[in-house]
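A look at the structure
Listed below, chain by chain, are the residues.
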Amino acid sequence: MLDIGCGNGWFLKWFKEQSPQSECLGVEQNKDSILECRAKAVEAVPYIPLSAKTYELITLWGTLEHLKDPKSMINKCSGLLSDRGFLLVCVPNISCDEVKKKQENAYMFCPQHLWYFDMASLHEFMHRMGYRISFYYGFNNHYQHVAIFKKFKSIISSLATSDRALGQAERA
């Protein structure tokens with residue numbers, strides 16, 4: 001599992017506790033946060049590793065809205081995601097009732113947030129990047145949403161494999 005923008009390592013630590021055999025790596029630019037990760041006994045580095053390794057799960061918890069070039073990040077993730085892998089994206093929800101009530105006083109309107117998404121715009125963005133939504137969950141009064149995506153290519157190859165298996169079973 002690769003957690004990009006892992007912050008203090010809370011998700012890495014939780015994931016490792018749930019799945020002790022899993023390899024987990026966090027990416028975080030803040031040096032103090034990397035030290036916090038290490039104090040939690042989870043590995044974090046300041047850059048996305050350049051390797052042939054692929055991941056079954058890549059997470060972007062509250063990361064995408066901070067990036068100057070979110071397309072570039074999704075492209076990097078695509079190259080690191082296994083064909084069976086999933087990409088989890090969590091971003092603030094610009095269209096939730098709480099934001100509508102508070103308007104510019106909502107916490108998400110801060111200089112660090114360069115992009116704003118609602119579910120439709122996140123879905124459209126990810127669709128254009130070659131992903132389909134597999135799961136969606138709104139939480140914190142729908143102030144934030146989590147979506148899990150799968151690459152089109154993976155979906156198509158899974159269907160083709162299923163079709164071939166079905167055809168072979170019918171012939172048997």
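What counts and how
- Residues numbered from 1 in each chain as written.
- Predicted model: local features only at pLDDT ≥ 70, side-chain atom pairs only at ≥ 80, totals over all residues.
- Heavy atoms only, no water.
- Buried < 20%, exposed > 50% of the residue type's maximum accessible area, 1.4 Å probe, protein only.
- Helix = DSSP H or I, 4+ residues; strand = E, 2+ residues; numbered from the N terminus.
- Pairing = 2+ DSSP bridges.
- Right-handed = clockwise from strand over helix to strand, strands pointing away.
- Core = buried A, V, L, I, M, F, W, Y, C linked by side-chain atoms within 4.5 Å.
- Phe/Tyr/Trp six-rings, centres within 6.5 Å; stacked < 30°, edge-to-face > 60°.
- Lys NZ or Arg CZ within 6 Å of the ring centre and 35° of its normal.
- pLDDT = per-residue confidence, 0-100.
- Contact = heavy atoms within 4.5 Å.
- Arc of directions from axis to C-beta.
- 1 Å grid on protein atoms, 1.4 Å probe; cavity = no way out; pocket = protein on both sides within 12 Å on 5 of 7 lines; lining within 4 Å.
- Points joined across faces, edges and corners; volume = space filled by probe spheres on them.
- Nonpolar A, V, L, I, M, F, W, Y, C, P; charged D, E, K, R; others polar.
- Salt bridge = Lys/Arg side-chain N within 4 Å of Asp/Glu carboxyl O.

Focus on the pairing of strand β5 (residues 81–92)
Most of β5 is tucked away, with 9 of its 12 residues classed as buried. Relative to β5, strand β4 (residues 55–61) is paired through 6 bridges, and the arrangement is parallel. The residue of β5 that forms the bridge with W61 is C90. Considered for its hand, the β-α-β crossover made up of β4, helix α3 (residues 70–80) and β5 is right-handed.

Describing unusual backbone geometry
One non-glycine residue, A41, adopts positive backbone phi at about 65°. Looking at the secondary structure, you find A41 in the loop between α2 (31–39) and β3 (44–45). Residue class for A41 comes out exposed when judged on its relative accessible area of 70%.

A look at the nonpolar core
With 26 residues, the main nonpolar core has L64 and L87 as its most contacted residues. Sorting the residues of this core by element identifies β1 (2–4), β2 (25–27), β4, α3, β5 and α5 (119–128) as the ones contributing at least two each. Core analysis: the second largest hydrophobic core is formed by 14 residues, F15, V42, L57 and L88 among them.

Notes on the packing of aromatic side chains
Across all of its chains, the model carries 5 aromatic pairs by this definition. Between the aromatic rings of F11 and W14, the centroid separation amounts to 5.7 Å while the plane-to-plane angle is 25°, which identifies the pairing as stacked. Note that F11 and W14 are positioned in helix α1 (residues 10–18) at a spacing of 3 residues, about one turn of the helix. By relative accessible area, F11 is classed as buried at 8%. On the basis of relative accessible area, W14 is assigned to the partly exposed category, the value being 43%. One cation-aromatic arrangement involves K53 over Y55; the distance from NZ or CZ to the ring centre is 5.2 Å.

Concerning the confidence of the model for the protein
Per-chain confidence: the protein averages 77 in pLDDT, with 70% of residues scoring 70 or above. Confidence drops under pLDDT 50 across residues 155–172; counting only partners more than four residues distant or on other chains, this segment forms 2 contacts.

Observations concerning α1
Those residues of α1 not exposed but buried are F11, L12 and F15. One face of α1 carries all of its buried residues, which in axial projection span an arc of 100°. Each element contacted by the buried residues of α1 is listed here: β1, β2 and β4.

Topic: the layout of surface pockets
By volume, the largest pocket amounts to about 500 Å³. Lining the largest pocket are 21 residues, with I4, Q29, T63, L67 and M73 positioned closest to its centre. Secondary structure elements with two or more residues in the lining of the largest pocket: β1 and α3. With 3 residues, the top contributor of residues to the lining of the largest pocket is α3. Looking at the lining of the largest pocket residue by residue, the class counts come to 10 nonpolar, 7 polar and 4 charged.

Description of the pattern of salt bridges
Evaluated as defined, the whole model comprises 4 salt bridges. Among the ionic pairs, R128 bridges to E124, the shortest N-O distance being 2.6 Å. One end of the pair, R128, and the other, E124, are both in helix α5, 4 residues apart, so they sit about a helical turn from each other. A residue is classified by how much of its surface remains accessible, and R128, at 67% relative accessible area, is exposed.

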